[in-house]
Amino acid sequence: MRHGPWGFVLFRLAVLVGLAVAAGLVFGRPLAWVVAALAAYLGWQLYHIYRLESWLRNPSGQLPRDALGLWGGIYAQLNRMRRQSRARKKRLGKVIKEFRKSTKALPDGGVVLSDQNDIVWMNAAAQAFLGLRKEDRGQRVENFLRDPEFVAYLADGEFSRPVRMDSPVNPEVKLSVQVVPYGKTQRLLLAKDITNSVRLEKVRRSFVANASHELRSPLTVVTGYLDAMMDDPELPESWKEPAAEMARQSDRMRRIIDDLLTLSRLEAASAEADRDRVDVPGMLSVMKKEALARDQRPSTIELQLDSGAGLLGVESELFSAFANLIDNAIKYTGTDGTVTVRWFEENGAPRLSVSDTGIGIPEAAIPRLTERFYRVDKGRDRIRGGTGLGLAIVKHVLQRHDARLEIESEPGKGSTFTCRFPPERATGLDAEDGPAAGVA
Ligand code: ADP
């Protein structure tokens with residue numbers, strides 16, 4: 001077992017007391033000698049305590065180096081600790097300097113927020129993008145970033161996706177802002193400049209819209225001549241089938257262009273659809289009649305109106321979405337199959353489901369169905385006359401109506417496409433607003 005300097009200290013004390021006793025025995029009054037020796041010892045200790053206390057008050061000064069024994073050990077230990085702490089401080093200082101340098105160079109803005117959304121720290125880009133200043137620390141971030149969508153995003157607490165907003169410093173600068181929770185309660189707000197990608201997106205959109213628009217007129221001319229050719233009784237027999245095929249293909253082209261223009265219009269419109277009152281049961285009844293009038297269709301087409309509710313939305317958009325779902329169900333179901341369209345409510349939330357007993361969709365393809373021009377089987381689905389844009393339109397329309405599309409399917413058995421609208425989009429169809437009447 002190690003005793004450190006204690007053995008020596010006790011030994012020295014014992015020698016001191018021994019010497020005092022010996023002196024007492026030689027010169028008389030041994031007790032006085034011992035008391036005097038102990039007082040001297042105490043004085044010496046007090047002197048070192050005084051030196052230590054003064055050093056602790058001002059640690060930057062020199063530590064005594066002349067002490068022996070216990071005090072020498074204490075001073076040496078303190079010296080070592082001081083050296084270590086200086087080295088650690090230097091190391092940490094370097095790390096912080098590097099960190100500061102890197103966050104300054106970071107192209108994205110970063111703001112550390114407390115659990116109350118108070119600004120704790122920010123980097124240089126955050127100051128430039130968001131107009132925050134160092135003096136704003138300690139204040140709530142909503143006081144400076146007042147964009148309604150951002151404020152709602154922050155209050156909502158659902159941070160899996162970023163939110164877009166204009167920079168408060170320059171509305172020309174478009175930002176993608178995301179909150180990343182970390183630690184126990186802290187949050188990091190990241191702001192990315194997406195002006196360029198927003199501009200590119202805009203260019204792409206207007207290119208598609210313009211190209212579609214430009215293609216429309218020549219196509220109308222081609223279709224006109226084709227119609228005239230087919231009506232001509234002098235058209236040679238050998239030309240009849242090619243002319244009919246050309247007419248079919250130009251009709252398909254027209255439908256693709258129309259769908260592209262519809263998509264462009266949907267993308268250019270504001271994120272939220274207007275809230276006109278739409279008579280969904282009436283619209284579905286018309287669609288059923290039109291479906292029954294088709295030559296090629298499943299033998300049974302059923303419409304179940306379990307709700308009399310209408311929707312608050314844009315009639316033409318909802319018509320196009322529902323018509324696309326019903327058209328798909330008819331296209332991908334054999335003539336002996338069944339298509340069931342159901343309009344109902346779940347806890348006040350309107351639902352439209354279109355079920356068929358058709359060919360179904362493999363599970364892996366389901367997440368990709370709403371991509372533009374995605375087809376499960378390219379050759380087969382094209383022959384059925386689709387444009388490959390129907391479900392992309394459905395998705396956009398539903399997004400603008402705060403609704404979601406759910407797809408369930410089993411290959412060979414059939415599919416169900418369900419549009420789930422929020423209760424706020426339901427409306428009564430009488431003169432007054434209010435929850436819808438029961439079964440129609
Ligand atoms: P299309 O005009 O080709 O039908 P859509 O965007 O409407 O394009 O649909 C995309 C693809 O999803 C279709 O090509 C088809 O493969 C598949 N699909 C859509 N609806 C159904 C359905 N009811 N049954 C089976 N497959 C479907």
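The structure this text deals with has already been given above.
The text that follows walks through the structure, step by step, so that each part is easy to find. (Residues numbered from 1 in each chain as written. Predicted model: local features only at pLDDT ≥ 70, side-chain atom pairs only at ≥ 80, totals over all residues. Heavy atoms only, no water.)

1. Thoughts on the pattern of salt bridges
Rules: A pair is scored as a salt bridge if a Lys or Arg side-chain nitrogen falls within 4 Å of a carboxyl oxygen belonging to Asp or Glu. A run of H or I in DSSP becomes a helix once it reaches four residues, and a run of E becomes a strand once it reaches two; helices and strands are each numbered from the N terminus.
What the rule picks out here adds up to 33 salt bridges. A salt bridge links arginine 425 to glutamate 272, with the shortest nitrogen-to-oxygen separation between them at 3.4 Å. With arginine 425 in the loop between strand 12 (414-420) and strand 13 (426-427) and glutamate 272 in the loop between helix 7 (237-268) and strand 6 (276-278), the pair connects residues that are 153 residues apart, well separated along the chain. The partner of arginine 351 in a salt bridge is glutamate 346, and the shortest N-O contact between them spans 3.3 Å.

2. Looking at the site of the ligand
Test applied: Neighbouring residues are identified by heavy atoms, a residue being near a molecule or strand if any of them is within 4 Å of it. Polar contacts here mean pairs of N or O atoms no more than 3.5 Å apart (in protein, one a potential hydrogen donor and the other a potential acceptor; neighbouring residues in sequence count only if both atoms are side-chain atoms). The accessible surface values rely on the Shrake-Rupley method and a 1.4 Å probe; as for residues, cover is taken only from the protein chains in view. The way it works is a 1 Å grid over only the protein atoms, where trapped points that fit a 1.4 Å probe form a cavity and open points with protein on both sides within 12 Å along at least five of seven lines form a pocket, and then any residue with an atom within 4 Å of a point lines it. Each molecule is checked against the cavity or pocket grid, and it sits inside if more than half of its atoms lie within 2 Å of the grid points. For this classification, Asp, Glu, Lys and Arg are treated as charged, while Ala, Val, Leu, Ile, Met, Phe, Trp, Tyr, Cys and Pro are nonpolar and the rest, including Gly, are polar.
With respect to spatial proximity, 22 residues lie near the ligand, and among them Asn328, Tyr332, Asp381, Thr387 and Leu391 are the closest. Between the ligand and asparagine 328 there is a distance of 2.8 Å, counted from an oxygen atom to a side-chain nitrogen or oxygen. In this structure, threonine 387 approaches the ligand through a main-chain N or O atom, which is 2.8 Å from an oxygen atom. Protein coverage of the free-state accessible area of the ligand, which is 530 Å², stands at 99%. In a pocket analysis with a 2 Å cut-off to the grid points, the ligand is assigned to the second largest pocket. Only helix 9 (315-331), helix 10 (378-383), helix 11 (390-400) and strand 12 provide two or more residues apiece to the shell around the ligand. Take the shell around the ligand: its biggest share by element is 3 residues, from helix 9. Taken together, the residues that form the shell around the ligand break down as 10 nonpolar, 7 polar and 5 charged.

3. Re the sheet that holds strand 1 (residues 109-113)
Condition: Two strands make a pair as long as DSSP finds a minimum of two bridges between them. Between N-to-C directions, angles span 0 to 180 degrees; the directions come from axes that are lines fitted to C-alpha atoms, helices contributing only their stretch in contact.
Read from one edge of the open sheet, 5 strands run 2-1-5-4-3, paired in antiparallel fashion. At either end of the open sheet lies a strand with only one pairing partner, and these are strand 2 (119-122) and strand 3 (163-166). Adjacent strand axes in the sheet meet at a mean angle of 30°, parallel and antiparallel pairs treated alike. Relative to strand 2, strand 1 runs antiparallel, the two being bridged by 3 bridges. Residue leucine 113 lies in a different strand from strand 2, and its bridge partner there is isoleucine 119.

4. Side note on the sheet that holds strand 6
Formally: The contact definition used throughout considers only heavy atoms, calling two residues in contact when any of these lie within 4.5 Å.
Spatially, 3 strands are ordered 6-8-13 in an open sheet, and the strand pairing comes out antiparallel. Lying at the two open borders of the sheet, with one neighbouring strand each, are strand 6 and strand 13. Set on the sheet, helix 9 makes contact with strand 6 and strand 8 (310-313); between it and strand 8 the angle comes to about 120°.

5. Let's talk about a nonpolar patch on the surface
What counts is decided by this rule: Patch building starts from residues that exceed 30% relative accessible area and form no salt bridge, then joins like charges within 9 Å and nonpolar side chains (Val, Leu, Ile, Met, Phe, Trp, Tyr) within 5 Å.
Together, Phe8, Phe11, Val15 and Leu19 give the surface a local cluster of nonpolar side chains, amounting to about 410 Å² of exposed area. Mapped onto the elements, phenylalanine 11 comes out in helix 1 (residues 6-27).

6. Thoughts on empty space enclosed by the protein
The condition is simple: Grid points are joined across faces, edges and corners, and a volume is the space filled by probe spheres set on the points.
Counted under the stated rule, the structure contains 2 cavities of 30 Å³ or more. Taken together, Leu284, Met287, Lys288, Ala291, Ile301, Glu302, Leu303, Ile326 and Val341 make up the full set of residues lining the largest cavity. Breaking the lining of the largest cavity down by element, the ones donating at least two residues are helix 8 (280-292) and strand 7 (300-305). Looking at the lining of the largest cavity element by element, the count peaks at 4 residues for helix 8.

7. What about a negative patch on the surface?
Rules: Counted as positive: Lys and Arg. Counted as negative: Asp and Glu, with His and the chain ends omitted from the count. Every charge is mapped onto a representative atom, which is NZ of Lys, CZ of Arg, CG of Asp or CD of Glu. To sort residues, take the accessible area from a 1.4 Å probe on protein chains only and compare it with the maximum for the residue type: under 20% means buried, over 50% means exposed, and anything in between is partly exposed.
Together, Asp227, Asp231, Asp232 and Glu234 make up a region of like negative charge exposed at the surface. With respect to the helices and strands, the residue aspartate 231 is situated in helix 6 (residues 195-231). Looking at aspartate 231, the relative accessible area reads 64%, which means it is exposed.

8. Observations concerning the layout of surface pockets
Roughly 1,900 Å³ of volume is contained in the largest pocket. Lining of the largest pocket is provided by 45 residues; of these, Glu149, Arg161, Arg164, Ala271 and Gln399 occupy positions nearest its centre. For the lining of the largest pocket, the secondary structure elements donating two or more residues are helix 5 (148-156), strand 3, strand 4 (174-182), helix 6, helix 7, helix 11 and strand 11 (404-410). For the lining of the largest pocket, the class distribution of residues is 19 nonpolar, 6 polar and 20 charged. Roughly 980 Å³ of volume is contained in the second largest pocket. Taken together, 43 residues make up the lining of the second largest pocket; nearest its centre are Asp327, Asn328, Lys331, Tyr332 and Gly386. For the lining of the second largest pocket, the secondary-structure elements that each account for two or more residues are helix 7, helix 9, helix 10, helix 11 and strand 12. Top element by residues in the lining of the second largest pocket is helix 9. It accounts for 8 residues. By residue class, the composition of the lining of the second largest pocket is 15 nonpolar, 15 polar and 13 charged.

9. Quick notes on the packing of aromatic side chains
Worth spelling out the cut-off: Side-chain rings of Phe, Tyr and Trp, where Trp is taken by its six-membered ring, are said to pair if the distance between their centres is within 6.5 Å; with planes under 30 degrees apart they count as stacked, over 60 as edge-to-face, and otherwise as tilted.
Enumeration according to the criterion identifies 6 aromatic pairs in this entry. Judged by centre distance (6.3 Å) and plane angle (40°), the ring pair of tyrosine 41 and tryptophan 44 falls under tilted. Taken together, the residues tyrosine 41 and tryptophan 44, both in helix 2 (residues 30-57) and 3 residues apart, mark about one turn of the helix.

10. Let's talk about the nonpolar core
What counts, and what does not: By convention a nonpolar core is built from buried Ala, Val, Leu, Ile, Met, Phe, Trp, Tyr and Cys residues, the set being connected through side-chain atoms within 4.5 Å.
Of all hydrophobic cores here, the largest spans 43 residues; its most connected members are Leu284, Leu318, Phe322, Leu325, Leu352, Val354 and Phe421. At the level of secondary structure, the elements contributing two or more residues to this core comprise helix 7, helix 8, strand 7, helix 9, strand 9 (338-346), strand 10 (349-356), helix 11 and strand 12. Here this core gets 7 residues from one element, more than from any other, and that element is helix 9. Once residues lying within four places of it in the same chain are set aside, the contact partners of leucine 318 are Val278, Met283, Leu311, Gly313, Val397, His401 and Phe421. The next biggest cluster of nonpolar side chains, apart from the first, holds 23 residues, and it includes Val111, Leu130, Phe159 and Leu189.

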